[in-house]
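# Remarks on the overall topology
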Amino acid sequence: MAPLLMLLASLLFATMGACVKLASSTYSAGEIVFYRGLVGVLFAWLLTRSAGGSLRTEVPGMHFWRSLCGVLALGLWFYSIGGLPLATAMTLNYMSSVWMALFLLGGAVLLGAARVDGRLVAAVLVGFGGVALVLRPTLSQEQLWHGLAGLLSGMATALAYLQVTTLGRRGEPETRIVFYFALGGVLAGAASMLFTGLSRHTLGGAALLLAVGLLATGGQLLMTRAYAIGSTLANAGLQYTGILFAAAYGVLLFGERLSWMALLGMVLIVAAGLACTLLSRLPKPALNPQES
């Protein structure tokens, strides 16, 4: 059951990305974040109320930092989708596993750990090698900022995941975490619209905005359930099928073509992400008596 849920979640997220790309011709990234958050707030509130739960929290500061990282990641990703091939933007966002491994390595070095896992270092280097292959043949000069935004979105996503893990350990329910994240999107999106202004709605544009919110919420719920009942590594692997779905949308809807170098880079990024996920969950090797 979990693999099917994960595949469906990946399909929903890729479909959301296609809707974001279509909507970006009419709306700014901040507007899309606002409406995506608005749908998320309503859904999380309804789910919490139907379950008899509460949105009251004793750790508002932790929710603030989680929302800040998550909304930043979302805004950067939506911006990158508007200017990059869909599969490229999604791949750069999925660099989050590699960024998390890099954070772990940095923390180990700063804390003076006796050893650093060389396999994890190699996986991180492979991931960044994949980024070089993806960006070099794909980006023209005018796409440079979109590529940088996509890369930073993966970093911000990794920070958001770390915050979600911490909130979960504090006993915060998923719906409450989603509610405050979505609320952060509403506030950040509204603030951005003070500078960019409001775009004129059309029936098609409004439908795309609604679809973005519904697909994102549905994907989150399916993914959460898949991780709750299935293997973490298997789910992580299936999550990368979203890149394949995004590539298919790019070809069918937008006439995008990816070079062999970009495709090779995507393969390296996926392999590095899976390796980082696996290695970060393996038990640490015991020190030899001489090293202790």
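Residues numbered from 1 in each chain as written. Predicted model: local features only at pLDDT ≥ 70, side-chain atom pairs only at ≥ 80, totals over all residues. Heavy atoms only, no water.

A separate point is the layout of surface pockets. If you add up the space inside the largest pocket, you get close to 1500 Å³. T157, Y161, M223, Y227 and Q239 are, among the 42 residues lining the largest pocket, the residues nearest its centre. Here the element with the most residues in the lining of the largest pocket is helix α7 (residues 144-169); it accounts for 7 residues. Class assignment of the residues belonging to the lining of the largest pocket gives a composition of 24 nonpolar, 13 polar and 5 charged. (1 Å grid on protein atoms, 1.4 Å probe; cavity = no way out; pocket = protein on both sides within 12 Å on 5 of 7 lines; lining within 4 Å. Points joined across faces, edges and corners; volume = space filled by probe spheres on them. Helix = DSSP H or I, 4+ residues; strand = E, 2+ residues; numbered from the N terminus. Nonpolar A, V, L, I, M, F, W, Y, C, P; charged D, E, K, R; others polar.)

Bringing the packing of helix α2 (residues 29-50) against helix α9 (residues 203-229) into the picture now. Orientation of α2 relative to α9, taken along the N-to-C sense of each, is 50°, at an axis distance of 8 Å. As far as their axial angle goes, α9 and α2 are oblique. As α2 runs across α9, the sense of the crossing is right-handed. Contacts between α2 and α9 pair I32, Y35, R36, V39, G40, F43 and L47 from the former with L209, L210, V212, G213, L214, A216, T217, Q220 and L221 from the latter. (Axes fitted to C-alpha atoms, helices over the stretch in contact; angles between N-to-C directions. Parallel < 35°, antiparallel > 145°, perpendicular 65-115°, else oblique. Left-handed = near helix turned anticlockwise from the far one by under 90°. Contact = heavy atoms within 4.5 Å.)

A word on the packing of aromatic side chains. Under the criterion given, the structure shown has 6 aromatic pairs. Judged by centre distance (5.1 Å) and plane angle (85°), the rings of W99 and F128 are edge-to-face. Taken as a pair, W99 in helix α5 (residues 96-110) and F128 in helix α6 (residues 118-138) lie far apart in primary sequence, 29 residues in all. Each ring, one from F179 and one from Y180, has its centre 5.2 Å from the other, and the planes form 85°; the classification is edge-to-face. Residue classification places F179 among the buried residues on the basis of a relative accessible area of 12%. Just above the ring of F254 sits the side chain of K21; from NZ or CZ to the centre is 5.6 Å. (Phe/Tyr/Trp six-rings, centres within 6.5 Å; stacked < 30°, edge-to-face > 60°. Buried < 20%, exposed > 50% of the residue type's maximum accessible area, 1.4 Å probe, protein only. Lys NZ or Arg CZ within 6 Å of the ring centre and 35° of its normal.)

Here we come to the pattern of salt bridges. Where charged atoms from two side chains of opposite charge come close, those side chains can pair. Per the stated rule, a full pass over the model turns up 2 salt bridges. K21 is the partner of E256 in a salt bridge, and the nearest nitrogen-oxygen pair spans 3.7 Å. Of the two residues, E256 is situated in the loop between α11 (241-254) and α12 (260-281) and K21 in helix α1 (residues 2-23); the sequence distance between them amounts to 235 residues. With respect to class, E256 is no different from K21; both count as buried. A salt bridge links R176 to E172, with the shortest nitrogen-to-oxygen separation between them at 2.9 Å. By the burial criterion, R176 is buried, and E172 matches it. (Salt bridge = Lys/Arg side-chain N within 4 Å of Asp/Glu carboxyl O.)

It is worth spelling out the packing of α1 against helix α3 (residues 60-83) at this point. It is at 8 Å that the axes of α1 and α3 come closest, and there the two elements cross at 70°. Here α1 lies roughly perpendicular to α3, going by the angle between them. Relative to α3, α1 is oriented so that their crossing is right-handed. Facing M16, G17, V20 and K21 of α1, the residues of α3 in contact are W77, F78, I81 and G82.

Quick look at the environment of L86 now. Looking at where L86 falls in the secondary structure, it is placed in helix α4 (residues 86-93). Dropping the residues within four chain positions of it, L86 is found in contact with A14, G17, A18, K21, I81, A246, Y249, F254 and E256.

Here the focus is the confidence of the model for the protein. A residue-level look at the protein finds 89% of positions with pLDDT of 70 or above and a mean pLDDT of 84. Considering only residues more than four positions removed or in separate chains, one finds that residues 285-292, a stretch of pLDDT under 50, has 4 contacts. (pLDDT = per-residue confidence, 0-100.)

With that settled, consider a nonpolar patch on the surface. Nonpolar side chains collect at one region of the surface, where M1, L4, L8, L11 and I229 lie side by side and expose about 470 Å² of accessible area between them. Counting residues per element, the nonpolar patch draws most heavily on α1, at 3 residues. On the basis of relative accessibility, which here comes to 32%, the residue L11 falls in the partly exposed class. (Patch = residues over 30% accessible without salt bridge, like charges linked within 9 Å, V, L, I, M, F, W, Y side chains within 5 Å. Areas by Shrake-Rupley, 256 points an atom, 1.4 Å probe, with all protein chains shown as cover.)

Take R200: it is sitting in the loop between α8 (174-196) and α9. Judged by its relative accessible area of 75%, R200 falls in the exposed class. Sequence separation between R200 and T26 is 174 residues, and the spatial gap between their C-alpha atoms is 8.2 Å. Those residues within four positions of R200 in sequence are excluded, and the remaining contacts are T26 and Y27.

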